[in-house]
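# Structure assessment
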There are 2 protein chains.
Amino acid sequence: MTDRYTQTELTRIRRIAQYANYDRPTVHAIVDAGWICQVAFAVGEQAHCIPTAHWRIGDTLYIHGSNGSRLLKALAQGASACVCIAHLDGLVLARSAFNHTMNYRSAMIYGQFRVVEDEAEKWRSFEVFMDKIEPGRRHEVRMPDDSEFAATTVLALDIEQAVAKIRQGPPEDDAADMDIPVWAGVWPIETRFGTPVADAQPEAVI
Amino acid sequence: MTDRYTQTELTRIRRIAQYANYDRPTVHAIVDAGWICQVAFAVGEQAHCIPTAHWRIGDTLYIHGSNGSRLLKALAQGASACVCIAHLDGLVLARSAFNHTMNYRSAMIYGQFRVVEDEAEKWRSFEVFMDKIEPGRRHEVRMPDDSEFAATTVLALDIEQAVAKIRQGPPEDDAADMDIPVWAGVWPIETRFGTPVADAQPEAVI
């Protein structure tokens, strides 16, 4: 396995190609930094875009849902999907309207999902998903019982076509605009956990 | 104009239908709270999902890009698009793996984009986009000159089919799980601006 995804017609970045990045660890880091992805697929000519939780093991991306969800049914039937994970890192304010932009890290994955039929893979995927939320938590919570396990469909996409697109840094103004007396720079956007809010405990436990 | 979008076959929420919300102000607030949307469209059977900046005037959603971008070309040709704006508000940690979930606000818009040919509408859309970034900023920066104006395509989607889906609040554990000795509750996820980073000023100005 090389450290880069091979560029294909689907993953060739046309706009501002210098922002494209095919490095496997770079793509994986962007995938892992997100809790939800956007899954696009088409039914006939109609596109759909569904946000859903995702997690990753090696080069396999996982999503899950209730048996019978529209998303999972269409994907299980082999729809040609596009999965996007995008992080907005800042607004980039330039001296001209035209040169305003955003700082971001996005990963785009093209491929087809498969239903995870193998029970060992399915169980392992649940463990890794729980570890993503909080390492070790799977040893404390009640893990899925047989009916919960059966009621959940896990879909996997073995990543072969993927690309990252990254824009960072200050604005790039035209030389002729540099004397315009307006603040220019980056407003960073930060995403973080706030103070945890504990669930009300049942009286019997208190 | 009523205060609600009419539910259609495309916007009927199947999974956990009680989270669906067709109120126009609710959908608009979710749209406006986001800087980027995800635009899904299909070319043949292949779906694409492109993150891009968006803004709104009344019931019209705007996006823009360079003339000739793949996204804009496909959408200008009338592709049946789905636009999603999703905000992740927290991880919801339950006492069973199965009842873990997330708090979120998402808006889904179905429709077809049109190229904004009317120059007054196009100019007005730029003004509103700049005001979204910072009210009044359009009076300070250099607004687009003729060539920048011509080089930018603005697409509009007049919103008719839209729905919000919102999940908030604590976990909902099974009664039988309430004695499991594990922390349960919500980890809020906060998105905010960090400290602005000013662009290096040209020496001539200093």
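Residues numbered from 1 in each chain as written. Chains lettered and ligands numbered in written order. Predicted model: local features only at pLDDT ≥ 70, side-chain atom pairs only at ≥ 80, totals over all residues.

## Structural notes on the sheet that holds strand β9 (residues 152-158) of chain B
All names here are of chain B. So the rule is basically this: Between any two strands, pairing holds if DSSP finds at least two bridges. Strands here mean DSSP runs of E at least two residues long; helices mean DSSP runs of H or I at least four residues long; both are numbered from the N terminus.
Spatial strand order, β4-β5-β9-β8: 4 strands in an open sheet with antiparallel pairing. What marks the edges here is a single partner per strand, and that holds for β4 (55-57) and β8 (114-115). In this structure, β4 lies alongside strand β5 (residues 60-66), joined through 3 bridges in antiparallel fashion. Directly across from I57, in β5, lies its bridge partner T60.

## A word on the pairing of strand β7 (residues 101-111) of chain A
Residues and elements named next belong to chain A. Sheet topology note: the strand β6 (residues 81-93)/β7 ladder contains 11 bridges and is antiparallel. Counterpart to I85 in the pairing with β7 is A107. As judged from the 7 bridges shared by β7 and strand β10 (residues 161-167), these two strands associate in the antiparallel manner. Across the sheet, Y110 pairs through a bridge with Q161, a residue of β10.

## Brief notes about the relation of the copies chain B and chain A
Worth spelling out the cut-off: Overlaid copies result from least-squares superposition on C-alpha atoms, with residues included only where pLDDT is at least 70 in both. Contact between residues is assigned whenever the C-beta positions, reconstructed from backbone atoms, fall within 7 Å.
Rotating chain B by 180 degrees about the axis while translating it 0.0 Å along that axis superimposes it on chain A, leaving an RMSD of 0.0 Å. Taken together, the turn and the small shift mark the pair as related by a two-fold rotation axis. Within chain B, T191(B) has its C-alpha nearest the rotation axis, a separation of 2.2 Å. Looking at the interface residues of chain B, 100% of them are also at the interface in chain A, so both copies use one shared face.

## Side note on the interface of chain B and chain A
For clarity, the threshold we go by: Think of it as three bins: nonpolar holds Ala, Val, Leu, Ile, Met, Phe, Trp, Tyr, Cys and Pro, charged holds Asp, Glu, Lys and Arg, and polar takes everything else, Gly as well.
If you look at the interface, chain B gives 68 residues, while chain A gives 68 residues. Elements represented by at least two residues in the side of chain B that touches chain A include exactly β2 (36-43), β3 (46-53), β6 (81-93), β7 (101-111), α3 (119-133), β11 (185-193) and β12 (197-198) of chain B. No other element matches the 9 residues that β11(B) contributes to the side of chain B that touches chain A. Grouping the constituent residues of the side of chain B that touches chain A by class yields 42 nonpolar, 12 polar and 14 charged.

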